[in-house]
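Close look at the chain arrangement
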Amino acid sequence: QPIGVLLPAADDAGPEDDERAASDAKPPRVDPRERFLKAAKEGSAIDSEHVAEVITAGIDEASGRAFVVTELLEGEDLAAAIRARGPAPRDEAR
C-alpha cells in the first residue's frame, strides 16, 4: 500500500501564472483483508481458461484471516516446467 499519493493542485499565484503545484495527501487506510476480498471478487469475474475460477472468499470468523477457495487445477506448475524444459520460446510464452 502506498504511503502517500501525489495529487495535482492549482497554484494560487494568479491567472497569469499557469503553473501547477502538487499536494501530498495520504490515501485512506484500507484493511488489507478488505483489499484481499476486493481482489478475489474482481478475480471471480474473469472468465478465462488461463485463470483459476474463484469459488468463494471471505474472512474466517474464528481466526480473522482472509481466505479464498479456487478450483483445483491439475498439471505441472510453472516452476517445474521451467526446471524440466528451460524457459519457453518468446512466441510460445505469449
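Position numbers for residues start from 1 in each chain and track the written sequence from start to end. Local features in this predicted model are restricted to residues whose pLDDT is 70 or higher, and side-chain atom pairs enter the listing and the counts only when it is 80 or higher, whereas totals over whole chains, interfaces and linings include all residues. Excluded from the side-chain calculations are hydrogens and water; all other atoms, namely the structure's heavy atoms, are used.

**Structural notes on the overall build of the protein chain**
Working definition: helices are DSSP H or I runs of at least four residues, strands are E runs of at least two. Numbering for both runs from the N terminus. Check the secondary structure of the protein chain and you find 3 helices and 4 strands. By the burial criterion, 5% of the 94 residues in the protein chain qualify as buried. Contacts are assigned to residue pairs with any non-hydrogen atoms lying within 4.5 Å of each other. Long-range pairs, those at least 24 residues apart, make up 19% of the contacts in the protein chain between residues at least 6 apart in sequence. As presented, the protein chain carries roughly 8400 Å² of accessible surface, and 52% of it is formed by carbon and sulfur atoms. Burial classes follow relative accessibility: with a 1.4 Å probe on protein chains only, a residue under 20% of its type's maximum area counts as buried, one over 50% as exposed, and anything between as partly exposed. To measure how exposed things are, a 1.4 Å probe is used in the Shrake-Rupley method; for residues, cover is taken only from the protein chains shown.

**Side note on the pattern of salt bridges**
By definition here, a salt bridge exists when the distance from a side-chain nitrogen of Lys or Arg to a carboxyl oxygen of Asp or Glu is within 4 Å. One pass over the full model with this rule turns up 3 salt bridges. The partner of Lys38 in a salt bridge is Glu42, with the nearest N and O atoms 3.7 Å apart. Within this pair, Lys38 and its partner Glu42 are both found in helix H1 (residues 32-44), separated by 4 residues, close to a single helical turn. Taking the relative accessible area as the measure of exposure, Lys38 reaches 53% and is therefore exposed.

**Some points on the environment of Ser63**
Here Ser63 lies in the loop between strand S3 (54-59) and strand S4 (66-70). Each polar contact in these results corresponds to two N or O atoms within 3.5 Å; when the atoms are within protein, one needs to be able to donate a hydrogen and the other to accept it, and residues that are neighboring in sequence are counted only if both atoms are side-chain atoms. At 3.2 Å, the side chain of Ser63 forms a polar contact with the backbone nitrogen of Arg65.

**As for the pairing of S3**
In the case of a regular strand, side chains alternate between the two sheet surfaces. Each pair of strands is called paired provided DSSP finds at least two bridges between the two strands. Looking at chain direction, S3 and S4 are connected through 5 bridges and run antiparallel. Residue pairing in the sheet places Val54 in a bridge with Thr70 of S4. Between S3 and S4, which pair antiparallel one after the other, the connecting turn spans 6 residues, and Gly64 there sits at a positive phi close to 80°.

**So, helix H2 (residues 78-85)**
If you check the start of H2, you find a side-chain oxygen 3.0 Å away from the backbone N of Ala79, and it comes from Asp77. Downstream of H2 by one or two residues, Gly86 has phi in the positive range, about 85°.

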